[in-house]
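Overview (structure and organization)
So you can see what is in the structure, the chains are spelled out below.
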Amino acid sequence: MRAAVLGSPIAHSLSPHLHRAAYTAMGLTGWSYEVFECDEAGLPAMLGRLRPVRGEGPDDADAWAGLSLTMPLKRAVLPLLDTVSELAVEVGGANTVVFRDGAAHGDNTDVHGIKQALAEAGVPAPRSATVLGGGATAASTLAALRDLGLPSATLLVREPARAGETVEVAERLGLALAVETFDKLDARLQVDLVVSTLPGGAADLHAERLAAVPALFDVVYAPWPTAAATAVRAAGGTVVGGFAMLLHQAVRQVELMTGRADVPVEAMRAAGEAEIVRRAAHVVRSG
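Cut-offs and rules
Residues numbered from 1 in each chain as written. Predicted model: local features only at pLDDT ≥ 70, side-chain atom pairs only at ≥ 80, totals over all residues. Heavy atoms only, no water. Pairing = 2+ DSSP bridges. Helix = DSSP H or I, 4+ residues; strand = E, 2+ residues; numbered from the N terminus. Axes fitted to C-alpha atoms, helices over the stretch in contact; angles between N-to-C directions. Contact = heavy atoms within 4.5 Å. Parallel < 35°, antiparallel > 145°, perpendicular 65-115°, else oblique. Left-handed = near helix turned anticlockwise from the far one by under 90°. Buried < 20%, exposed > 50% of the residue type's maximum accessible area, 1.4 Å probe, protein only. Arc of directions from axis to C-beta. 1 Å grid on protein atoms, 1.4 Å probe; cavity = no way out; pocket = protein on both sides within 12 Å on 5 of 7 lines; lining within 4 Å. Points joined across faces, edges and corners; volume = space filled by probe spheres on them. Core = buried A, V, L, I, M, F, W, Y, C linked by side-chain atoms within 4.5 Å.

**So, the sheet that holds strand β11 (residues 215-218)**
Reading across the sheet, the 6 strands line up as β9-β8-β7-β10-β11-β12 and stay open at both edges, with parallel pairing between neighbours. Both outer strands of the open sheet, β9 (176-181) and β12 (238-241), are each paired with one neighbouring strand and no more. Taking the axes of each pair of neighbouring strands and ignoring which way they run, one obtains an average angle of 20° across the sheet. Note: strand β7 (residues 129-132) against strand β8 (residues 152-157), 3 bridges, orientation parallel. Note on β8: the bridge partner recorded for valine 131 is leucine 155. Against the sheet, helix α5 (residues 136-147) engages β7, β8, β9 and β10 (193-196), with an angle of about 165° to β7.

**Notes on the sheet that holds strand β5 (residues 96-100)**
One open sheet holds the 6 strands; their spatial order is β2-β1-β3-β5-β6-β4, and the pairing between them is mixed. This sheet does not close on itself; its edge strands, each paired only once, are β2 (32-37) and β4 (83-84). In terms of strand pairing, β5 meets strand β6 (residues 103-107) through 5 bridges, oriented antiparallel. Bridge pairing in β6 places threonine 96 opposite aspartate 107. Against the sheet, helix α1 (residues 15-26) makes contact with β1 (2-7), β2 and β3 (64-69), and its axis sits at roughly 165° relative to β2, the strand it touches most.

**Describing the packing of helix α4 (residues 110-120) against helix α9 (residues 242-258)**
Following both chains from N to C, one finds α4 and α9 inclined at 125°, their axes separated by 7 Å at the closest point. In terms of orientation, α4 lies oblique with respect to α9. The chirality of how α4 crosses α9 is right-handed. Contact residues: Asp110, His112, Gly113, Ile114, Gln116, Ala117 and Glu120 in α4; Ala244, Met245, His248, Gln249 and Arg252 in α9.

**Structural notes on helix α8 (residues 227-234)**
Regarding α8, the residues found buried are Ala228, Ala229, Ala231 and Val232. For α8, the angular spread of buried residues about the axis comes to 160°, placing them on one side. If you follow the buried residues of α8, they end up packed against α7 (207-210), β11 and β12.

**Examining empty space enclosed by the protein**
Empty space among the atoms can be located by rolling a probe the size of a water molecule over them. With the rule as written, the count across this model stands at 1 cavity of 30 Å³ or more. One number sums up the size of the largest cavity: a volume of about 50 Å³. If you go around the largest cavity, the residues you meet are Lys74, Arg75, Val91, Gly92, Gly93, Asn108, Asp110, Ala136, Ala139 and Ser140. When residues in the lining of the largest cavity are grouped by element, the largest group, 3 residues, is from α5.

**Things to note about the nonpolar core**
In this structure, Leu118, Leu142, Leu145, Leu193 and Phe217 are the most contacted members of the largest nonpolar core, which totals 31 residues. Elements with a minimum of two residues in this core: α4, β7, α5, β8, α6 (164-173), β10, β11 and α9. For this core, the element with the most residues is α5, which contributes 6 residues. If you look at the next biggest cluster of nonpolar residues, it comprises 26 residues, including Ile10, Ala22, Ala63 and Phe243.

Structure representation (structure tokens):
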């Protein structure tokens, strides 16, 4: 069986290390996990080339079990699939494609990853939350907050006009959403949880102001810890990093692609952490 991660850029992806570690620990010697550079324009042709898919013929040897999708493909893939889970429709993006019965099924495991990361860190279900950033990860965060029982949240973005898709996600989720700009940050930090979906280092500009929040979930995983995470931890708050989210969404992907529940979380965690350390050491040597 074959699986792969698609996206652009994709060279930095940790997914191969996580999935391959799972296959090894599960004894799936006939499984492989590959990496393909693919942008939105190339996605239809790429999906068309992934044949045979599992269940399409009598012999599943060399068939495709599934795909992991990263930016910018999560939204672009939806119209190309045979079926899409309700959650992926609500969030407006699928990060997982499972091939089964000759068809391509889309799902979203990012929401699962966010909820598991918070639970693993001991963060209780928040009564209030502010989300920084308005992209695809913010949309998945809103779904996770909805699932945790939160009826409303605040979204802080640079340009509210560009957050239209995320606002639509909140409407589909039945979540009341207030959209503000970053100049309102101080007034929106009196919450149980702040989730930063901003790219690497962007939340660090606000580290001193974020320090007093009870809990911070920063989706960055390298370099780690971020200045924002360090400030919150030093002030006694709880910090959740992006690696935990990445790990647990991958665990769920392996479950979906293999059909097995005995996914080795700790083996995957060790492989991912080892690769992060290796990359950090390489950066130091190169510098």
